[in-house]
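Fold and contact review
Here are the chains, one letter per residue:
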Amino acid sequence: MSRRVRCRKNSLAPARVALAAACLVALGCGSDGGAGPAGGVTFLQIEREAYLLVGVGEGTALRVTAFDAAGEVVNEADLTWTVDDPSIARVEASGVRVTGLAEGATRIRVSSGSANASASVEVYVDPNTGPFEPGIVYYGRRDYAEYEPGDLPLILSAPHGGYLLPDEVPERTFGVTAQDRRTQELTRELADAIEVRTGRRPYVIISRLHRRKLDPNREIVEAAQGDPFAEQAWREFQGFIDEASAAVEAEFEKGLYIDMHGHGHPIDRVELGYRLTSSDLEVPDAFLDQGGRVEKSSVRQLAADVNVSFAELIRGPSSLGGLLEARGYRSVPSPSDPDPGGNPYFTGGYNTERHGSRAGGGVSGVQFEHQFDGLRETPETRAAYVAELVEVLEAFLLTHYGYDWTAGG
Ligand SMILES: [Zn+2]
């Protein structure tokens, strides 16, 4: 297919206007909108090397820039598009859009005279349309995101414990890229220990991509940094947690979401993030439920349901921190460490905000940040910690949810 693309800002005829609009997208016309330099096209650049279309019929804009021998943008060019396998994807005659026709992969090619460029196109059909059943593990595209539905009102996610470093996903260039070592293992082992205890399993969502490739505990821009494959993995990871939350609400009305992390802060203690800052926590118990703290916390709904004070819920003896502390695992907030005391502290990130109950819903969320030493480092330390954490969660669910997971059914 071939089409003459022109920029004619002053043209008033409808057909010409449409062409001008297409040109702006396709060629990045100069601000004068007039005819380009007389030089011919010697180099073509497609904006992306790879396009991912999720679902047959989905399409995305194509942007191509043409350059002359002097490296100047050419505002006017004859572009010819071809598709290696036209059964997989179609490029519109104007060259401004590619649309998926069938699942598979192909290349699209554009040429102008002797200049040419190409890009890969993958049409991916998401197989995970539900219903999702316990006992089956579901994977997103190329296994970057993993979801195991459970049958307890408990959801675990591990966003920073992945190992995969596929070439197709570029390295992230801003934000934190360090892996939370062994948190994927810790999360899986916790789920296994809960099953040993109860005969049932929590919902588990794992990001298997290394954090250098994706940070699914950030909004999508920082998380995936514009890469379509990373963006897809982000949507899958987040969508799996959304799915788990909906399932828990449908089955149990309310539940607990835990986002599992590892920190490298100077003090070895478990940092529990409820979306409350250090200064939020630096008030006496009697004032903790004031100043909008309950309303902005990730356990807002749970706080409304329980019979204890907000201070008791998040740092009293029956809180997660209190229960951990009683078993020898120093934590903050807790009865002994009611606030971070001016030391570094993670308040809970994107996932805790999004999947907790601040904005409503029956699932309340907490971010667990674990130090490495004594908790994550070896199978033995993890097993010892997990054995205690199972008891902590059991007590917390019983006290604050009225849910006895040892009762069965
Ligand atoms: Zn983390």
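Here the structure is shown first, and the text comes after it.
About the thresholds
- The residue numbers shown here count from 1 along each chain, following its written sequence.
- Per-residue local features of the predicted model are confined to residues with pLDDT of at least 70, and side-chain atom pairs are confined, for both listing and counting, to 80 or more; whole-chain, interface and lining totals are unaffected and use all residues.
- Side-chain numbers come from the whole structure's heavy atoms, not from hydrogens or water.
- Note: metal donors comprise N, O and S atoms at 2.8 Å or less from the metal (3.2 Å for Na, K and Ca); water molecules are not included, so apparent gaps in a site are possible.
- To qualify as a helix, a DSSP run of H or I must reach at least 4 residues; to qualify as a strand, a run of E must reach at least 2; elements of each kind are numbered from the N terminus.
- Type-normalised accessible area, obtained with a 1.4 Å probe on protein chains alone, sets the label of each residue: buried when under 20%, exposed when over 50%, and partly exposed for intermediate values.
- A pairing counts as a salt bridge when a side-chain nitrogen of Lys or Arg comes within 4 Å of a carboxyl oxygen of Asp or Glu.
- Each helix should span, by expectation, one fewer than its residue count multiplied by 1.5 Å.
- By definition in these notes, contact holds between two residues if any of their heavy atoms fall within 4.5 Å.
- Nonpolar cores were defined as sets of buried Ala, Val, Leu, Ile, Met, Phe, Trp, Tyr and Cys residues, with membership established by side-chain atoms within 4.5 Å.

**Describing the coordination of the zinc ion**
- Surrounding the zinc ion are the protein donor atoms His160 (ND1), Asp180 (OD) and His261 (ND1), which sit 2.0 to 2.1 Å from the metal.
- For the zinc ion, all donor residues lie on one chain, and their spacing in sequence is H-x19-D-x80-H. One end of the pair, aspartate 180, is in the loop between strand 13 (154-158) and helix 2 (183-198); the other, histidine 261, is in strand 15 (residues 255-262), and 81 residues separate them in sequence.
- Exposure remark for aspartate 180: the relative accessible area of 6% places this residue in the buried category.
- For histidine 261, a relative accessible area of 1% translates into the label buried.

**Some thoughts on the pattern of salt bridges**
- Under the defined criterion, the tally for this structure stands at 29 salt bridges.
- The salt bridge involving glutamate 222 is made with arginine 218; its shortest N-O contact spans 3.3 Å.
- Between aspartate 242 and arginine 354 there is a salt bridge, with its nearest N and O atoms 2.7 Å apart. Within this pair, whereas aspartate 242 is found in helix 4 (residues 228-252), its partner arginine 354 is found in helix 10 (residues 350-355), the two being separated by 112 residues in sequence.

**A short note on helix 2**
- Look at helix 2: 22 Å from first C-alpha to last across 16 residues, which is about the 22 Å you get at 1.5 Å a residue.
- The elements touched by buried residues of helix 2 are strand 13, strand 14 (203-207), strand 15, strand 18 (363-370) and helix 11 (379-401).
- Just beyond helix 2, the residue with positive phi is glycine 199, at close to 80°.

**Some words on the nonpolar core**
- Ranked by size, the top nonpolar core spans 64 residues in total, and within it Phe368 and Leu393 carry the most contacts.
- Counting residues per element, this core draws most heavily on helix 11, which supplies nine residues.
- Apart from residues lying up to four places away in sequence, leucine 393 is in contact with Leu154, Leu190, Ile194, Leu256, Ile258, Leu320 and Trp405.
- Grouped together as the second largest cluster of nonpolar side chains are 24 residues, Ala77, Ala89, Ala117 and Val123 included.

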